[in-house]
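Summary of structural features
As a plain string of letters, each chain reads:
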Amino acid sequence: MPIIIVNQSRYIRHWVDTLKAKRPDLDVRVYPDAGAPEEIEFALAWNHPLGAFQEFPNLKCIASTGAGVDHILRDPDLPAQVQITRIVDENLTHDMATFVTALVLNHVRDLDGYKEAQRERTWAQKRYLRTQDLGIGVMGLGVLGSYTALQLRKLGFRVQGWAKSPKVLEDIGTYAGPEELDAFLASSRILVCLLPLTPETANILNKETFQKLPKDAFIINVARGEHLVEQDLIEMLDDGHLSGASLDVFREEPLPENHPFWSHPRINVTPHIASVTNPESAVEQILENYDRLQKKEPLLNVVSRTKGY
Ligand code: NDP
Ligand code: OXD
């Protein structure tokens, strides 16, 4: 059974080489060179051309090469019978937590401000908040959000999280559902978005949400660009309610050259690198599912197509 890689943007060669290194005899194909379409049962995908999977009448599994699956589920022509899996990987989880921590510490200790002062040769010591004085709210307490929340807690921050269903996490205040969102926001001085993109979570980082945060709140979006209403962020930064934002994901990626985020003094832009799947680390679970599919065993890390994550 071949594996086909259907990927418009991510590390195709790296995946081919890693799969071949593990299984030299594996028949790895790269879309659109699919060979006989009826032979294809297993696809590895990232940002595929919409409608592409309809070409494979026997397709059974689409494996996302990342943690998110919104790039697959947005396809209106997704075959109904296909299972969708995602990456759950310790390295991916660790990298996300360290990246978010770096953004939090950069903001709390104003390292950007000191770099600016250095450029002007200014020696200006500023007061700073200590970790225990700061409430951090993590939206999404799944694989990435819960680990990130726990790591921030270990540094001494007061951490709380919000999910769809109730959660218990040691030393972390947890909130669930729309009815508890306002209470969660009210004490989140730093708001970290680690939600999956679904119809319920799209545009959740909007003016109404921002207004419920304490004054001077800081936004970190490492989930998806479509979570954020861009104009609302700019307005709330410019009117002084929000103190800044670090954004790793955008509605349009790469971020267009003329986009206002590039030059906004209180927005930090990074190019969707918070946590990048390493094929060497993730290949085992792909091959495990490939084997399971052939043996007709239940697959790992299957997402719910109804929930959207
Ligand atoms: P999970 O599926 O493990 O967790 C999702 C969490 O979000 C769950 O806790 C879930 O609640 C919660 N959630 C979903 N819908 C809602 C809702 N309507 N209201 C409140 N909470 C909700 O996802 P991961 O942690 O693995 O990944 C999260 C996202 O991070 C990915 O979907 C992807 O978009 C992004 N990502 C970004 C990367 C980057 O480099 N920037 C890298 C990797 C991922 P419950 O537990 O109750 O179901
Ligand atoms: C992912 C991502 O979902 O990189 O893994 O965004």
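Residues numbered from 1 in each chain as written. Chains lettered and ligands numbered in written order. Predicted model: local features only at pLDDT ≥ 70, side-chain atom pairs only at ≥ 80, totals over all residues. Heavy atoms only, no water.

With respect to the site of ligand 1
Lining the immediate environment of ligand 1, one finds 29 residues, of which Arg86, Ser165, Lys167, Glu200 and Tyr309 sit closest. Arg224 is positioned such that a nitrogen or oxygen atom in its side chain is 3.2 Å from an oxygen atom of ligand 1. Alone, ligand 1 offers 950 Å² of accessible surface; in the complex the protein occludes 92% of this. Of all the secondary-structure elements, those providing two or more residues to the shell around ligand 1 are α5 (143-154) and β7 (158-163). Of all the elements, α5 adds the most residues to the shell around ligand 1, at three residues. Its residues assigned to classes, the shell around ligand 1 shows 15 nonpolar, eight polar and six charged. Two domains each put at least three residues into the shell around ligand 1: domain 1 (3-89 + 277-295) and domain 2 (90-269). (Near = heavy atom within 4 Å. Polar contact = N/O pair within 3.5 Å; in protein donor to acceptor, adjacent residues only side chain to side chain. Areas by Shrake-Rupley, 256 points an atom, 1.4 Å probe, with all protein chains shown as cover. Helix = DSSP H or I, 4+ residues; strand = E, 2+ residues; numbered from the N terminus. Nonpolar A, V, L, I, M, F, W, Y, C, P; charged D, E, K, R; others polar. Domains from an automatic or database assignment.)

Comments concerning the sheet that holds strand β6 (residues 135-139)
Taking strand neighbours across the sheet as the criterion, the seven strands line up as β8-β7-β6-β9-β10-β11-β12 in an open arrangement whose pairing is parallel. One side of each edge strand has no neighbouring strand; the edge strands of this open sheet are β8 (173-176) and β12 (267-269). When strand polarity is set aside, the average angle formed by the axes of neighbouring strands in this sheet is 15 degrees. Pairing of strand β9 (residues 190-193) with strand β10 (residues 217-221), which is carried by four bridges, proceeds in the parallel orientation. Directly across from Leu191, in β10, lies its bridge partner Ile219. The strands touched by helix α8 (residues 230-238) within the sheet are β10, β11 (242-247) and β12, with β11 carrying the most contacts at an inclination of about 145 degrees. (Pairing = 2+ DSSP bridges. Axes fitted to C-alpha atoms, helices over the stretch in contact; angles between N-to-C directions. Contact = heavy atoms within 4.5 Å.)

Some points on the site of ligand 2
The full set of residues close to ligand 2 is Arg10, Trp46, Gly66, Ala67, Gly68, Arg224, His272 and Ser275. Take Ala67: an N or O atom from its main chain is 2.7 Å from an oxygen atom of ligand 2. Between an oxygen atom of ligand 2 and a side-chain N or O atom of Arg224, the distance comes to 2.8 Å. Grouping the constituent residues of the shell around ligand 2 by class yields two nonpolar, four polar and two charged.

Thoughts on the nonpolar core
Among soluble globular proteins, nonpolar side chains are generally buried collectively. Counting residues in hydrophobic clusters, the biggest one holds 27 residues, and the most contacted among them are Met139, Leu205, Phe210, Ile219, Leu233, Leu242 and Phe261. Examining the composition of this core, we find that four residues originate from one element, α8, more than from any other. Other than its neighbours up to four places away in sequence, Phe210 contacts Leu205, Ile219, Leu228, Asp232, Leu233, Met236, His241 and Leu242. With 25 residues, the next largest nonpolar core counts Val100, Leu144, Leu194 and Phe218 among its residues. (Core = buried A, V, L, I, M, F, W, Y, C linked by side-chain atoms within 4.5 Å. Buried < 20%, exposed > 50% of the residue type's maximum accessible area, 1.4 Å probe, protein only.)

Let's talk about helix α3 (residues 90-108)
Here α3 is 19 residues long and its end C-alpha atoms lie 27 Å apart, about the 27 Å a rise of 1.5 Å per residue gives. The set of residues buried in α3 consists of Leu92, Thr93, Met96, Ala97, Phe99, Val100, Thr101, Leu103, Val104, Asn106 and Val108. Phi for Asp110, located one or two positions after α3, is positive at around 50 degrees. (Expected span 1.5 Å × (residues − 1).)

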